[in-house]
Amino acid sequence: PSYNEDAVFASRIDHYVMMAVADSHFGQWAGQSLLAGISVECGEMLDINSAFKVLRKLCDDWSDKLERSETAFLMTCLDTNSGEGFGISFGDSSTLLVNKSGLHRLNVKNNQYISLNNKSAMNSKVANVFNFRYQPGDLLLLFTDGIDECHYRNPDSSVNDDMIYQLFREYHENTKEFVSQLTQLALNGVNGQPGGQDNIAVAAYLFP
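Residues numbered from 1 in each chain as written. Predicted model: local features only at pLDDT ≥ 70, side-chain atom pairs only at ≥ 80, totals over all residues. Heavy atoms only, no water.

Caption draft 1: Representation of helix H2 (residues 48–60) within the structure. With 13 residues, H2 should cover 18 Å at 1.5 Å per step; its first-to-last C-alpha distance of 18 Å lies within 8% of that length. Summarising the contacts, the buried residues of H2 are in contact with helix H1 (29–41), strand S3 (70–79), strand S4 (84–90), strand S7 (114–115) and strand S8 (128–133). For H2, the N-terminal cap is Asp-47; the gap from its side-chain oxygen to the backbone nitrogen of Asn-49 is 3.2 Å. (Helix = DSSP H or I, 4+ residues; strand = E, 2+ residues; numbered from the N terminus. Expected span 1.5 Å × (residues − 1). Contact = heavy atoms within 4.5 Å. Polar contact = N/O pair within 3.5 Å; in protein donor to acceptor, adjacent residues only side chain to side chain.)

Caption draft 2: Broad picture of the sheet that holds strand S10 (residues 202–206). Pairing in this open sheet of four strands is antiparallel, and the strands run S6-S5-S9-S10 from one edge to the other. The open sheet terminates on both sides in strands that have one partner only, identified here as strand S6 (102–105) and S10. Recorded for the sheet is a direction-independent mean angle of 20° between the axes of neighbouring strands. Sheet topology places strand S9 (residues 139–143) next to S10; five bridges connect them, and they run antiparallel. Across the sheet, the residue bridging to Leu-142 is Ala-203, located in S10. Where helix H4 (residues 175–188) meets the sheet, it contacts S9 and S10, and its direction lies at approximately 150° from that of S10. (Pairing = 2+ DSSP bridges. Axes fitted to C-alpha atoms, helices over the stretch in contact; angles between N-to-C directions.)

Caption draft 3: Molecular detail of the packing of aromatic side chains. Applying the stated criterion across every chain yields a total of five aromatic pairs. Taking 3.6 Å as the distance between ring centres and 15° as the angle between the ring planes, the aromatic pair formed by Tyr-134 and Phe-207 counts as stacked. Of this pair, Tyr-134 sits in the loop between S8 and S9 while Phe-207 sits in the segment after S10, placing them 73 residues apart in sequence. Judged by relative accessible area, Tyr-134 falls into the buried class, the value being 8%. (Phe/Tyr/Trp six-rings, centres within 6.5 Å; stacked < 30°, edge-to-face > 60°. Buried < 20%, exposed > 50% of the residue type's maximum accessible area, 1.4 Å probe, protein only.)

Caption draft 4: Expanded view of helix H3 (residues 161–171). Buried within H3 we find Ile-164, Tyr-165, Leu-167 and Phe-168. On an axial view of H3, the arc spanned by its buried residues comes to 160°, and they lie on one face. Counted as exposed and oriented over 90 degrees from the buried face of H3: Asp-162 and Arg-169. One side-chain oxygen at the N-terminal end of H3 lies 3.1 Å from the backbone nitrogen of Asp-162; it belongs to Asn-160. (Arc of directions from axis to C-beta.)

Caption draft 5: The pattern of salt bridges, seen in detail. Per the counting criterion, the structure on display carries six salt bridges. Arg-133 is the partner of Glu-84 in a salt bridge, and the nearest nitrogen-oxygen pair spans 2.6 Å. On the criterion of sequence distance, the pair formed by Glu-84 in strand S4 and Arg-133 in strand S8 is long-range, its members being 49 residues apart. For Glu-84, a relative accessible area of 40% puts it in the partly exposed group. Assessed through its relative accessible area of 51%, Arg-133 is described here as exposed. Ionic pairing is found between Asp-148 and Lys-109, a salt bridge with its closest N-O pair at 2.9 Å. Pair noted here: Asp-148 is in the loop between S9 and H3 and Lys-109 is in the loop between S6 and S7, with a separation of 39 residues, a long-range link. Here the salt bridges do not stand alone but share partners, grouping Arg-105, Lys-109, Asp-148 and Asp-161 into one network. (Salt bridge = Lys/Arg side-chain N within 4 Å of Asp/Glu carboxyl O.)

Caption draft 6: Representation of the packing of H1 against H2 in the model. Contact geometry for H1 and H2: axes closest at 10 Å, N-to-C directions at 130°. When the axis of H1 is compared with that of H2, the two are oblique. The hand of the H1/H2 crossing is right-handed. Side by side, H1 and H2 meet where Leu-34, Gly-37, Ile-38 and Glu-41 of the first sit next to Val-54, Leu-55, Lys-57 and Leu-58 of the second. Considered class by class, the residues forming the contact of H1 with H2 number five nonpolar, one polar and two charged. (Parallel < 35°, antiparallel > 145°, perpendicular 65-115°, else oblique. Left-handed = near helix turned anticlockwise from the far one by under 90°. Nonpolar A, V, L, I, M, F, W, Y, C, P; charged D, E, K, R; others polar.)

Next comes the structure, spelled out in structure tokens:
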């Protein structure tokens, strides 16, 4: 199919910044429906417990649907006053915190995907839940596996952490250009290997 099965969401409410990416399989419905629901309910998702409450409600609303689609899902919510944040991850997308000292992976990929047949996965025991702290100048980066598996199902010949960190060093003062360069690298492929073999969604926030 020609449509993009990945989706991205970003919002700021007072001193909270929320970002999310989704990577659907078997059609785009699950990921886009989940992010559309979050766009309405994001003001009620400012801590882990309330976030899961909203996510379970959104999944319950799928009960009358006839869709095969499932989705990887990754969200972060950060408090710009406290310098703290949390994240919830299902599937194979990535969250990185990048700064001058290096690149730090915040989530652990898993094989849990959200669908009509797997709504029970939407709980804190199954999800990868993480907390983090940040400093001014840090970059929070979320992306689907179209980046680190741009050579489809071949992460060893796709964009890796060292390449991401090098781009951060070159473009750390221009987040828009950093994301553009990262996306283009994944589309082109690295070291003569194929690229652009999966859809891409990226969200990034540079802490002032």
